[in-house]
Amino acid sequence: MFLFLPILFGFNNRLKIVDGTPRVCPKCHNATVVRATSRTWFSLFLVPVVPFKKRYIWVCGTCNWHVPTQSGWEPALPANNAGWGGFQPGYQPEYTHVPHQAGYQPSYGSPPQGY
C-alpha cells in the first residue's frame, strides 16, 4: 500500500518596522516610506521554523516599493516633516481652477406635470 503524504514547505518574508518616521517615496511620491527589517524564514507546514537572512530595507506602504538600505542615502523627509508635505500623485501645478460664480444655479428645466 502506497501512502501519499504531502509535505508543505517554503520560504516567506516577515517585515518589522524599525523607524516609523515617514519619508517620501521616489516612485509614488507619498510620505509612507519607513525603515524596516526583512527576515526570510524557512517554513514547514506553514509554520516558520528556521530564520535564514535578515536585512534592513526602505519600504513604501502605498506602492510596495522597497530597496536595501545603503550608507549615505536615504529617502527624503517630507516638507516640514508634516507627513503629507510633498506633491501627491495627480498634482498638476499648471492646472488653474476656474472658481464657481456666486449665485449661479444650473437650470434643469421644470419638473414634469403632476410631480
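Definitions and limits used
Residues numbered from 1 in each chain as written. Predicted model: local features only at pLDDT ≥ 70, side-chain atom pairs only at ≥ 80, totals over all residues. Heavy atoms only, no water. Pairing = 2+ DSSP bridges. Helix = DSSP H or I, 4+ residues; strand = E, 2+ residues; numbered from the N terminus. Axes fitted to C-alpha atoms, helices over the stretch in contact; angles between N-to-C directions. Polar contact = N/O pair within 3.5 Å; in protein donor to acceptor, adjacent residues only side chain to side chain. Contact = heavy atoms within 4.5 Å. Core = buried A, V, L, I, M, F, W, Y, C linked by side-chain atoms within 4.5 Å. Buried < 20%, exposed > 50% of the residue type's maximum accessible area, 1.4 Å probe, protein only. Phe/Tyr/Trp six-rings, centres within 6.5 Å; stacked < 30°, edge-to-face > 60°.

(A) Quick peek at the sheet that holds strand β3 (residues 47–60). Taken in spatial order, the four strands of this open sheet run β1-β2-β3-β4, and their pairing is antiparallel. Of all strands in the sheet, those with a lone pairing partner are β1 (9–23) and β4 (66–68), marking the two edges. With strand direction ignored, the average angle separating the axes of adjacent strands in the sheet is 40 degrees.

(B) Looking closely at the side chain of threonine 40. Mapped onto the fold, threonine 40 is located in strand β2 (residues 33–44). A polar contact is formed between the side chain of threonine 40 and the side chain of asparagine 13, at a distance of 2.8 Å. Apart from residues lying up to four places away in sequence, threonine 40 is in contact with Phe11, Asn12, Asn13, Val50, Pro51, Phe52 and Lys53.

(C) Seen up close, the pairing of β3. Judged from the twelve bridges that link them, β2 and β3 form a sheet pairing that is antiparallel. Note on β3: the bridge partner recorded for valine 34 is valine 59. Here β2 folds back onto β3 in antiparallel fashion, the turn holding two residues, of which phenylalanine 45 has a positive phi close to 55 degrees. Relative to β4, β3 runs antiparallel, the two sharing three bridges. When the bridges of β4 are listed, isoleucine 57 appears paired with proline 68. In this structure, the hairpin formed by β3 and β4 is closed by a connection of five residues, where asparagine 64 is found at a positive phi of approximately 65 degrees.

(D) Local environment of the nonpolar core. Cys25, Cys28, Val33, Trp58, Cys60, Trp65 and Val67 form the largest nonpolar core, which has seven residues in total. If sequence neighbours within four positions are ignored, cysteine 60 has contacts with Cys25, Cys28, Thr32, Val33 and Trp65.

(E) Examining the environment of threonine 62 more closely. Along the chain, the position of threonine 62 falls in the loop between β3 and β4. By relative accessible area, which is 48% here, threonine 62 ends up partly exposed. Sequence spacing of threonine 62 and lysine 27 is 35 residues, and the spatial spacing of their C-alpha atoms is 10.0 Å. A distance of 3.1 Å separates the side chain of threonine 62 from the side chain of threonine 32, its partner in a polar contact.

(F) Geometry of the packing of aromatic side chains. This structure, assessed with the given rule, holds three aromatic pairs. Here the aromatic rings of phenylalanine 11 and phenylalanine 42 are separated by 5.7 Å at their centres, their planes lie at 65 degrees, and the arrangement is edge-to-face. Placement of phenylalanine 11 in strand β1 and of phenylalanine 42 in strand β2 is noted, with a sequence separation of 31 residues between them. The class for phenylalanine 11 is exposed, based on a relative accessible area of 56%. Given the relative accessible area of 23%, phenylalanine 42 is considered partly exposed. Ring centres 5.3 Å apart and planes at 55 degrees place the aromatic pair phenylalanine 11 and phenylalanine 52 in the tilted group. On the criterion of sequence distance, the pair formed by phenylalanine 11 in strand β1 and phenylalanine 52 in strand β3 is long-range, its members being 41 residues apart. Across the pair, phenylalanine 52 and phenylalanine 11 agree in class, each one exposed. Grouped by ring-pair contacts, the aromatic residues Phe9, Phe11, Phe42 and Phe52 constitute a single cluster.

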